[in-house]
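Remarks on the overall topology
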Number of protein chains: 4
Amino acid sequence: MPGTRFEKDGLVIDTTIPHLGPAKIPSPLVYCHHTNDTGVPLYLDSEFIEELAGESTALNFEAAGPRRNLYFDPSKAKCAIVTCGGLCPGINDVIRAIVMEARHAYDVPAVLGIRYGLEGFIPKYRHDVVELTPDVVSDIHQFGGTILGSSRGPQSPEEIVDALERMNISALFMIGGDGTLKAASNIVQEVMRRNLKISVIGVPKTIDNDINFISQSFGFETAVYKATEAIQCAHTEAIGAMNGIGLVKLMGRESGFIAAHATLSLKEVNFVLIPEAPFTLHGEGGLLPTLERRLRARAHAVIVVAEGAGQNLLADTGKKDASGNPILGDIAQLLRAEIKAYCDERGLPHTLKYIDPSYIIRSVPANANDRVYCGFLGQHAVHAAMAGRTGMVVAKLMDRYVHLPLELVTLRRRKLNIRSDYWRAVLESTGQAELAGMVPGLDE
Amino acid sequence: MPGTRFEKDGLVIDTTIPHLGPAKIPSPLVYCHHTNDTGVPLYLDSEFIEELAGESTALNFEAAGPRRNLYFDPSKAKCAIVTCGGLCPGINDVIRAIVMEARHAYDVPAVLGIRYGLEGFIPKYRHDVVELTPDVVSDIHQFGGTILGSSRGPQSPEEIVDALERMNISALFMIGGDGTLKAASNIVQEVMRRNLKISVIGVPKTIDNDINFISQSFGFETAVYKATEAIQCAHTEAIGAMNGIGLVKLMGRESGFIAAHATLSLKEVNFVLIPEAPFTLHGEGGLLPTLERRLRARAHAVIVVAEGAGQNLLADTGKKDASGNPILGDIAQLLRAEIKAYCDERGLPHTLKYIDPSYIIRSVPANANDRVYCGFLGQHAVHAAMAGRTGMVVAKLMDRYVHLPLELVTLRRRKLNIRSDYWRAVLESTGQAELAGMVPGLDE
Amino acid sequence: MPGTRFEKDGLVIDTTIPHLGPAKIPSPLVYCHHTNDTGVPLYLDSEFIEELAGESTALNFEAAGPRRNLYFDPSKAKCAIVTCGGLCPGINDVIRAIVMEARHAYDVPAVLGIRYGLEGFIPKYRHDVVELTPDVVSDIHQFGGTILGSSRGPQSPEEIVDALERMNISALFMIGGDGTLKAASNIVQEVMRRNLKISVIGVPKTIDNDINFISQSFGFETAVYKATEAIQCAHTEAIGAMNGIGLVKLMGRESGFIAAHATLSLKEVNFVLIPEAPFTLHGEGGLLPTLERRLRARAHAVIVVAEGAGQNLLADTGKKDASGNPILGDIAQLLRAEIKAYCDERGLPHTLKYIDPSYIIRSVPANANDRVYCGFLGQHAVHAAMAGRTGMVVAKLMDRYVHLPLELVTLRRRKLNIRSDYWRAVLESTGQAELAGMVPGLDE
Amino acid sequence: MPGTRFEKDGLVIDTTIPHLGPAKIPSPLVYCHHTNDTGVPLYLDSEFIEELAGESTALNFEAAGPRRNLYFDPSKAKCAIVTCGGLCPGINDVIRAIVMEARHAYDVPAVLGIRYGLEGFIPKYRHDVVELTPDVVSDIHQFGGTILGSSRGPQSPEEIVDALERMNISALFMIGGDGTLKAASNIVQEVMRRNLKISVIGVPKTIDNDINFISQSFGFETAVYKATEAIQCAHTEAIGAMNGIGLVKLMGRESGFIAAHATLSLKEVNFVLIPEAPFTLHGEGGLLPTLERRLRARAHAVIVVAEGAGQNLLADTGKKDASGNPILGDIAQLLRAEIKAYCDERGLPHTLKYIDPSYIIRSVPANANDRVYCGFLGQHAVHAAMAGRTGMVVAKLMDRYVHLPLELVTLRRRKLNIRSDYWRAVLESTGQAELAGMVPGLDE
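Residues numbered from 1 in each chain as written. Chains lettered and ligands numbered in written order. Predicted model: local features only at pLDDT ≥ 70, side-chain atom pairs only at ≥ 80, totals over all residues. Heavy atoms only, no water.

Thoughts on the pairing of strand β1 (residues 5-8) of chain D
Remember that side chains alternate between the two faces of the sheet whenever the strand is regular. Residues and elements named next belong to chain D. Relative to strand β2 (residues 11-14), β1 is paired through four bridges, and the arrangement is antiparallel. Bridging across to β2, glutamate 7 finds its partner in valine 12. Taking the residues between adjacent antiparallel strands as the criterion, β1 and β2 are bridged by two residues, where aspartate 9 takes a positive phi near 50 degrees. (Pairing = 2+ DSSP bridges. Helix = DSSP H or I, 4+ residues; strand = E, 2+ residues; numbered from the N terminus.)

Rendered as structure tokens:
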């Protein structure tokens with residue numbers, strides 16, 4: 001039986017997936033070795049559950065995949081897809097895979113596209129609904145972004161479920177990040193409260209790669225590749241001037257995965273600053289004197305900063321954006337100002353070139369591997385919905401496609417473990433270990 | 001304790017890694033959370049061990065990573081690197097990572113590069129040995145291929161160990177495929193026979209992605225991406241002529257991974273032919289009548305064929321190449337001839353464009369993700385050698401870097417499981433399920 | 001008045017463009033500075049007219065561009081587009097530009113797409129005609145190939161003009177190479193014979209860049225870029241083996257422009273063999289001994305060969321392909337065999353990797369610059385047709401868009417001048433000047 | 001005899017190139033058809049000389065290319081290269097070509113690289129001089145930027161010539177923009193004043209493509225390609241949100257060539273704003289109401305703005321940068337603020353994504369075509385210097401490589417002619433003709 005309950009230090013993890021009801025309809029899928037329900041046992045370690053601290057524990061997960069028997073009769077089902085939050089490579093691939101699997105494999109008669117995120121459910125915005133046929137979606141994976149459009153911020157779960165009822169939706173696929181998956185939970189609650197039979201399946205999207213239990217979100221690889229292109233340019237600019245400094249701001253509100261991975265990939269970065277490893281500007285181990293030493297020795301430097309890094313150095317604005325995320329202080333502007341002041345004070349002539357490639361990274365089409373990944377996420381989402389699952393997301397966990405409860409993935413944000421060998425490799429690549437704060441409690 | 005012995009149906013799997021001796025030298029690695037030796041437990045299923053047939057079993061593996069104590073004194077150690085067999089994206093990245101880790105992190109005084117594969121050890125070839133310094137390797141990841149050169153075929157283990165003795169090598173890193181890893185085993189035997197203290201560490205390289213226990217070999221992603229470019233061109237050519245047929249031959253002697261993955265990524269392929277799913281040409285379910293139906297319905301078709309597919313349709317030459325692999329019959333030429341004959345006979349005008357992108361795929365630089373992967377493989381290889389391991393490879397298994405015994409990875413070739421959901425997705429993408437041989441024993 | 005008559009040594013060049021009749025309809029083009037008819041004087045030299053031998057002469061050409069008054073009433077006109085011959089980057093861009101200019105700028109009510117080349121006019125092939133609306137073509141420039149499909153070989157001018165009459169076409173746009181432009185001439189003759197008012201405008205397409213008076217055909221730049229990618233791979237393979245030889249066959253039946261330009265761009269080529277510079281295999285200045293010296297000195301070599309090079313070394317088959325071009329002997333296979341025999345005889349171990357990237361080069365989308373170029377060619381073709389020109393092509397000549405008579409561009413094939421500074425730069429880049437036949441009559 | 005003197009309306013153009021003295025040393029160039037000195041006659045029109053207003057006039061230019069006899073004895077010559085101003089794709093290609101031509105073709109014993117622009121001549125900056133050997137430069141074309149480094153701003157011509165004398169330089173190659181070419185003029189004056197025999201040859205570099213008489217500067221094509229990538233991303237972001245606006249700022253201080261060319265290439269731009277076509281924000285024909293109509297009709301818009309556009313809408317700061325160029329007001333920030341205020345006032349919800357790809361565009365390696373172009377520029381610069389020319393630049397003019405006097409190219413900035421067919425094509429592509437200021441004096 002899939003589903004494990006794990007408790008430690010007050011943390012409760014339950015991998016059981018909610019079902020809408022018994023699966024009695026034979027699946028129309030041909031040439032198919034159906035997935036059984038014995039579950040996928042996996043040993044998890046502190047990468048996933050920090051509280052495990054060096055140990056590992058076996059948990060059982062529900063396998064993703066097509067079932068022999070379904071809850072819904074696909075020939076009478078109706079699906080809807082909505083895409084929320086910022087762009088990320090691969091969204092169109094997921095949309096395409098859902099539509100193709102529902103229409104071609106299950107013969108679902110209709111898949112609707114909700115325009116501009118959750119707004120699309122709310123009458124006052126007057127957005128159209130589009131019908132997503134195989135013809136409509138067949139080439140969309142060649143383009144970045146989302147053909148449905150997106151928006152940020154919550155909408156009333158009641159109004160959303162009203163819309164689902166009006167449109168007679170059997171399964172809603174929500175492609176979005178942490179906020180969207182929390183909204184999905186609320187929709188599931190409202191669906192249950194009304195005793196409706198609507199499946200709500202999430203596909204986790206995060207350019208920051210910071211969703212709990214998701215080692216690598218779709219589009220991450222593509223994003224890293226585009227990030228390395230920008231860093232390469234920063235490096236070229238840096239060596240093109242005496243004491244040239246290339247500064248690149250990358251995504252990463254609470255987690256520095258893109259910045260770290262791009263650093264490992266490109267090998268030209270001298271300082272990578274991420275939220276998980278707070279740094280200081282001045283004094284021993286401070287960024288500025290370390291940068292000065294670097295410039296005096298090598299005459300150029302490349303700095304990559306995640307947008308959420310160094311927030312301790314900035315005044316908290318207390319403001320939040322439409323998605324409910326705190327509005328971050330602008331660390332890149334702070335660095336530009338501090339570097340200029342520091343160098344001017346010391347008579348160190350320098351040239352700083354600043355690159356913010358955010359929208360260029362977010363909006364490109366997925367690369368070959370992300371395309372395959374997105375294809376499976378979309379297909380598995382449809383399998384799960386047809387089999388009557390709800391309140392869950394599809395995910396790849398240790399190379400296995402599984403179902404994860406919404407509660408589990410929204411429990412907290414995933415962060416880069418700066419006690420890991422991964423981070424050590426980053427520090428080796430940049431040579432920035434002398435910065436204070438980079439290596440907490442070495443093997444203490 | 002790492003190391004599990006698993007037996008089933010005569011199959012014996014032992015994950016224990018040979019050690020050269022006790023690790024007593026404190027590691028010079030700074031800012032490092034050292035890897036402990038409790039091992040990494042992983043649940044394996046029939047993807048890895050076919051005999052498990054739907055079940056899974058927990059095996060314990062030795063974790064890759066830096067150790068607190070070493071067997072070798074790095075300041076007195078000497079390393080050598082050799083690259084063997086065909087090109088594959090990422091070889092230079094692995095070389096670079098080994099050199100950087102050995103020289104910069106461990107302060108190993110010298111890393112030698114052996115030229116042109118195992119030939120480089122044999123005096124009669126008179127190849128130079130090159131010293132690989134950080135300066136020499138710092139930019140090599142930007143280029144495809146191997147800066148060391150390569151060659152195919154075995155050389156005498158005795159002569160190789162003679163050379164290792166002459167050069168006073170402590171650790172030999174062998175980057176190569178199945179044949180190379182078997183050669184590595186022989187070298188380990190010879191080293192033991194002479195009671196030498198030389199570590200032999202493999203880094204598995206295979207453009208076919210067919211090494212046992214290695215879900216995804218380095219360079220595979222990059223290769224798939226380049227393969228999709230060629231298939232896209234075949235598609236463009238196919239639609240550019242009445243009854244246009246684009247035929248692409250891809251790598252895959254015994255396993256169709258690149259062909260299948262590229263098919264999933266691109267979504268323009270109508271027939272993908274791989275060694276694991278034997279097909280027929282004529283009669284019901286035959287490729288040719290199915291192709292004819294496709295042409296009459298849509299006026300174009302794209303066929304991707306792995307080089308090892310359809311060998312049952314070709315006379316066995318009985319010949320072997322320098323690496324000891326059977327010389328395959330040329331399935332692409334057979335298909336070209338058979339398609340022409342079949343169409344001409346039926347008065348079906350057509351245009352076939354044939355693309356063989358093999359060397360274009362093998363020789364490109366690694367993409368961003370493969371670069372990171374290769375970096376870790378190289379670093380972990382050095383960690384393992386310094387800690388006194390031998391007779392092993394470094395590998396990523398279910399998202400965990402581990403040590404695998406040479407015997408395990410050379411036990412047999414990894415193949416694409418055509419009973420898997422993965423293959424089902426391929427069939428859905430191409431629509432080729434009507435071909436005979438594509439779906440064995442549906443859920444029998 | 002545009003139009004010059006130039007005569008020398010029996011060569012007659014007349015740049016006068018045929019008109020269907022007086023232009024009396026005011027152009028609907030808004031925001032437009034109309035092109036006057038005084039013509040574009042250009043000094044031509046021996047690059048264009050070999051007979052000029054070091055001198056130059058001023059010729060007058062008709063300028064391309066929108067006219068104030070038109071021959072056709074656009075609101076009653078009907079256009080047709082046909083694409084013929086092999087693929088070339090940018091065809092879809094030209095189609096798109098013609099459709100957009102005709103429909104949006106001139107308000108022409110209909111543009112028809114003829115499928116599969118000239119076959120599309122002939123009833124027995126039963127190909128559909130498609131209506132090309134702005135919606136249909138708006139994204140096609142993102143894809144390589146031709147959305148109309150193509151075919152090779154001539155069709156009866158009478159049947160073609162029958163079809164034009166049946167469809168009531170005012171202007172036919174023919175995108176194709178030398179054979180197509182000759183077919184266009186025949187269609188113009190037939191149109192005149194019947195005293196019809198149909199404009200026939202060519203857009204010269206040639207992957208070989210060998211059309212007379214066209215310095216750089218559309219798609220050439222893109223093709224060169226893709227060719228350099230293949231050569232780079234050949235170089236990587238070559239250095240990856242002892243005495244590695246990378247051999248790349250490129251397009252170029254009678255002219256070596258792609259081979260030469262890619263050589264200049266990449267700088268890794270050691271031998272580039274083109275039709276214009278016949279070479280020998282054996283003896284002093286022969287390719288094989290020169291290659292041997294190169295291998296013995298540097299242990300690798302990259303050879304680029306245009307498909308039409310070295311035909312003197314091959315038996316003339318006397319056969320012709322569907323387009324009427326002689327079927328060339330396979331120089332690449334000859335080189336492979338000769339190199340193997342030569343090296344084997346001398347006990348020179350070597351590894352040859354052969355790459356034929358032809359279809360990969362032909363089928364990619366146009367690059368940014370070619371897109372702009374194709375856009376202007378398409379627009380100018382429409383301007384010319386609406387103004388009543390016929391029997392001409394649009395072309396860029398010394399950076400000026402002009403009209404050229406069909407007779408002029410089909411007079412003979414353009415060839416690379418091996419007495420030019422351009423070829424000298426190629427020889428410097430490769431270092432192959434010691435080959436016999438590379439430098440004719442040095443300044444004699 | 002090359003060299004024409006042309007006068008009109010007070011404008012004087014003299015194409016005569018200064019010579020250091022008679023050319024008496026036979027050239028060592030082998031396999032070479034030498035360039036004669038009869039000159040290249042070209043018909044120029046108002047694209048080059050605005051005063052010609054629709055007419056054209058024949059001018060004679062000195063041909064670039066190798067001469068049979070040289071002024072310098074190459075075996076005793078010494079060259080120096082300096083790169084100045086901002087980055088541009090292809091600088092390393094020009095450096096490489098100069099070094100290869102000087103060292104390999106002419107056997108010049110030494111080529112020095114001056115570091116960090118003109119600063120490198122001035123003792124107080126203490127920058128090293130590097131020797132540029134063929135080995136040093138053989139791979140540099142694969143990287144963007146300049147291996148020599150650069151800086152902005154003038155330095156004393158006296159000190160520069162002092163340095164040239166100290167280093168015993170025969171020929172100085174200056175790769176830079178308008179300011180650098182003016183500095184070159186001053187150096188030539190100082191050299192003459194001291195009666196030295198030092199050739200000063202410029203290679204015009206401008207990312208803005210705004211140098212007089214240079215239709216297309218090196219790197220321009222590459223820059224346009226990268227610009228289209230950024231605009232594509234802006235388009236994806238724009239359609240990804242309700243009333244999404246993608247705003248891209250491109251280079252172009254006084255000339256909108258990159259913005260216009262990228263617009264023609266990509267075809268997704270709705271508004272392109274360039275310095276040559278002043279626009280208004282409010283009222284009839286104003287950008288804001290036109291943008292509002294576009295949003296209400298299509299729900300998204302893409303705006304490309306050259307950095308020098310709309311300066312009339314900004315307060316003149318009066319400040320200048322290190323290169324002496326006026327510091328421009330920030331038009332992109334003004335647009336962001338004005339669009340926000342305008343939409344907020346009208347209750348038009350919208351999302352604006354701003355992309356500034358400047359450094360990403362400037363720092364990439366040159367594409368295949370630019371590489372060939374840069375190669376010829378570098379080679380011709382060496383030919384010119386060895387033949388004793390000075391005070392000139394090498395340039396491609398109407399597809400012909402020629403020598404141009406420094407005075408001619410620095411006479412004024414080249415601008416996009418908004419009365420041209422080129423600009424009409426831009427307006428057609430964007431559909432922005434309804435903006436006031438786009439089409440001056442239609443054919444009046």
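This is not the end of the story, as more comes after the structure.
Brief notes about the interface of chain A and chain D
Contacts between the two partners involve 28 residues from chain A, matched on the other side by 28 residues from chain D. A combined buried area of about 2,200 Å² lies between chain A and chain D, and 65% of that area is made up of carbon and sulfur atoms. For the chain A face of the interface with chain D, the top three residues by lost area are Glu237, Tyr359 and Ile360 of chain A, together amounting to 25%. Counting across the chain A and chain D interface gives two residue pairs in polar contact (both at pLDDT 80 or more). Put simply, the parts of the chain that give the side of chain A that touches chain D at least two residues each are α5 (220-239), β15 (351-355) and α9 (358-362) of chain A. Looking at the side of chain A that touches chain D, the element that brings in the most residues is α5 of chain A, giving seven residues. For the side of chain A that touches chain D, the residue count by class is 14 nonpolar, nine polar and five charged. (Contact = heavy atoms within 4.5 Å. Buried area = accessible area lost by both parts, 1.4 Å probe. Polar contact = N/O pair within 3.5 Å; in protein donor to acceptor, adjacent residues only side chain to side chain. Nonpolar A, V, L, I, M, F, W, Y, C, P; charged D, E, K, R; others polar.)

Observations regarding the relation of the copies chain B and chain A
The operation relating chain B to chain A is a screw motion whose rotation component is 180 degrees, with 0.0 Å of axial translation and a residual RMSD of 0.0 Å. Here the symmetry operator amounts to a two-fold rotation axis. By C-alpha distance to the rotation axis, the residue of chain B lying nearest is methionine 398 of chain B, at 2.4 Å. Comparing contact sets, 100% of the residues at the interface of chain B also lie at the interface in chain A, consistent with an isologous, same-surface contact. (Least-squares fit on C-alpha atoms with pLDDT ≥ 70 in both.)

A few points about the environment of asparagine 212 of chain C
Residues and elements named next belong to chain C. Structurally, asparagine 212 can be placed in the loop between β11 (199-204) and α5 (220-239). Those residues in contact with asparagine 212 that sit more than four places away from it in its chain are Phe48, Leu408, Val409, Leu411, Arg412 and Arg414. Of the polar contacts made by the side chain of asparagine 212, one reaches the backbone oxygen of leucine 408; its length is 2.9 Å.

Let's talk about the UniProt feature "binding site: Mg(2+)" (unreviewed entry) in chain A
All names here are of chain A. Using the residue numbers shown here, the UniProt feature "binding site: Mg(2+)" (unreviewed entry) corresponds to Asp178. Tracing the backbone shows aspartate 178 in helix α4 (residues 178-193). On the accessibility criterion, aspartate 178 (11% relative accessible area) is buried. Look past the residues within four positions of aspartate 178 in its chain and what remains in contact with it is Ile211, Val409, Thr410 and Arg413. (UniProt positions renumbered as here; feature names shortened; annotations may be inferred. Buried < 20%, exposed > 50% of the residue type's maximum accessible area, 1.4 Å probe, protein only.)

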